Amino acid sequence: MNTSRTIALVATLAATTALITSCSSEHDAASKNPKTAPVSNARSNIDKKAWPKAIASSGLAQGLSLPLQQYMQTYQDTVTLDNAQRQLQTACMADYGFHITFPPAGQTPPPSADDANMSRRYGITDQATAAKYAYGLPEDSQNQEGTKMPDLTKEQIEVLTGRTSIRTKPTDPEPEPAPSEYNGKPIHKDGCAGWADDQLGLRGLDFSLVSQLDGDSLGQSQQVPAVQSAISAWSKCMADKGYTAATPYDADKVTPHTDGTTTQNEIDVALTDIGCKKSTNLVESWFDEETKLQNQQIKDHQGELDTMRTRNTNALAAAQKVLNG
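Because the structure is predicted, anything quoted here is derived from the model rather than measured.

**Student:** I'd like a rundown of the overall build of the protein chain, residues and numbers included.
**Tutor:** Helix and strand counts for the protein chain come out as eleven helices and two strands. Along the protein chain, from the amino end to the carboxyl end, the secondary structure elements read α-α-α-α-α-β-β-α-α-α-α-α-α. Among the 325 residues that make up the protein chain, the fraction classed as buried is 45%. Considering only contacts in the protein chain between residues 6 or more positions apart, those separated by 24 or more positions represent 79%. Per element, the accessible surface of the protein chain, about 16,200 Å² overall, is 50% carbon and sulfur.

**Student:** Tell me about unusual backbone geometry, and please be specific about residues and values.
**Tutor:** Phi at N183 takes a positive value of approximately 50 degrees, unusual for a residue other than glycine. Along the chain, N183 turns up in the loop between β1 (181-182) and β2 (185-186). Although it is not a glycine, N281 sits at a positive phi angle of roughly 60 degrees. Mapped onto the secondary structure, N281 falls in the loop between α9 (264-280) and α10 (282-300).

**Student:** Which residues make up the state of the cysteines, and what are the values?
**Tutor:** Counting across every chain of the model gives two disulfides. Between the sulfur atoms of C92 and its disulfide partner C192 the distance amounts to 2.1 Å. For the disulfide bridge between C92 and C192, the dihedral angle about the S-S bond is near -75 degrees, and by the sign convention the bridge is left-handed. Of this pair, C92 sits in helix α3 (residues 75-95) while C192 sits in helix α6 (residues 191-200), and the two are 100 residues apart along the sequence. For the pair C92 and C192, a shared accessibility class is recorded, and that class is buried. Sulfur-sulfur distance for the disulfide between C237 and C276 comes to 2.1 Å. Taking the torsion about the S-S bond as the criterion, the C237 to C276 disulfide, at about -75 degrees, is left-handed. With C237 in helix α8 (residues 225-240) and C276 in helix α9, this residue pair connects regions lying 39 residues apart in the sequence. Residue classification places C237 among the buried residues on the basis of a relative accessible area of 14%.

**Student:** Could you give an account of the packing of aromatic side chains, with specific residues and numbers?
**Tutor:** Tallying each qualifying case throughout the model produces four aromatic pairs. Here the aromatic rings of W51 and Y75 are separated by 5.5 Å at their centres, their planes lie at 85 degrees, and the arrangement is edge-to-face. Of this pair, W51 sits in the loop between α2 (25-32) and α3 while Y75 is found in helix α3, placing the two residues 24 residues apart along the sequence. W51 sits in the buried class, given a relative accessible area of 11%. For the pair F98 and Y182, a centre-to-centre distance of 5.1 Å together with 35 degrees between the ring planes defines the contact as tilted. In this pair, F98 is assigned in the loop between α3 and α4 (127-133) and Y182 in strand β1, connecting sequence segments 84 residues apart. Of the two residues, F98 and Y182, neither departs from the other in class, the shared state being buried. Aromatic rings pair up to connect Y122, Y249 and W286 into one cluster.

**Student:** Just give me the short version of the pattern of salt bridges, but keep the residues and values in it.
**Tutor:** In the structure shown here, the tally under the stated rule is twelve salt bridges. Among the salt bridges present, the one from R121 reaches E290, with a minimum N-O distance of 2.6 Å. With R121 in the loop between α3 and α4 and E290 in helix α10, this residue pair connects regions lying 169 residues apart in the sequence. Judged by its relative accessible area of 5%, R121 falls in the buried class. For K154, the salt bridge is made with E158, and the minimal N-O distance between the two is 2.4 Å. On the criterion of helical spacing, the pair formed by K154 and E158 is a turn pair, its members being four residues apart in helix α5 (residues 154-161). What emerges from the salt-bridge pattern is a single network uniting R121, D214 and E290.

About the thresholds
Residues numbered from 1 in each chain as written. Predicted model: local features only at pLDDT ≥ 70, side-chain atom pairs only at ≥ 80, totals over all residues. Heavy atoms only, no water. Helix = DSSP H or I, 4+ residues; strand = E, 2+ residues; numbered from the N terminus. Buried < 20%, exposed > 50% of the residue type's maximum accessible area, 1.4 Å probe, protein only. Contact = heavy atoms within 4.5 Å. Areas by Shrake-Rupley, 256 points an atom, 1.4 Å probe, with all protein chains shown as cover. Disulfide = S-S within 2.5 Å. Phe/Tyr/Trp six-rings, centres within 6.5 Å; stacked < 30°, edge-to-face > 60°. Salt bridge = Lys/Arg side-chain N within 4 Å of Asp/Glu carboxyl O.

So this is what it looks like as structure tokens:
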């Protein structure tokens, strides 16, 4: 989590989730004591059961956790930090006379809790999901829409971000710096968003290293003889059942797919795919070999990874303190 993440979060909040409300009695009370301003009363209504789990609770990947996962930021972590950021941003904006309440994080969970994506890392692994959706995602992970809210005013953007506008796409030019103050009050570095990050210790916290290592280990593991042997055995099993696929990543292309529908043919391929993974012990073999690679990666980057994990732990503790009042 770094400055780019902060700007991305601000862009998301401003473009799709920023709630600008009238000055109700609730906001009047919040402005009198802005440090206790809530993110939103809707937070308690979020269904956490829909949140993805970092460790699969069913299927062939059940209970499997790669070594690098201990250094990853989970979706649960992200929600905690985002809610604390939004609460601090609300309080900060109130100091400038803007009564803005941001909606809670956690309303549109992604399919995977972290970068490892264990339940689908080696292709699909859950028979119950495959029997219903084949290679697709469950309905609650599809077609999610963020909360649509009014845009922020130019002055609110400047106070929130420290910039004159919001860059909504990576290709957009860097926005110009905002004026140094608003109504005589100095604007924080990177605005209220940057101030919130500073309170939580998030500025400069970056998970790109662990993401890179995670991707590297997956790619390297496919060159390991034991994994190649397991993939070949899986491919032969599929061929014996009448399906041609060189790797598990090709299995979803065996039969044509039409968006919005799941055919019985797709389900049959998916169930055969999982059955062949089980009979050839592909998932466990692949996991064992990748575990070895990641253990070596951790040894090679122990200091950097430990520092990153400690910073994340400290940020989460600070976030919980904010959320608990």
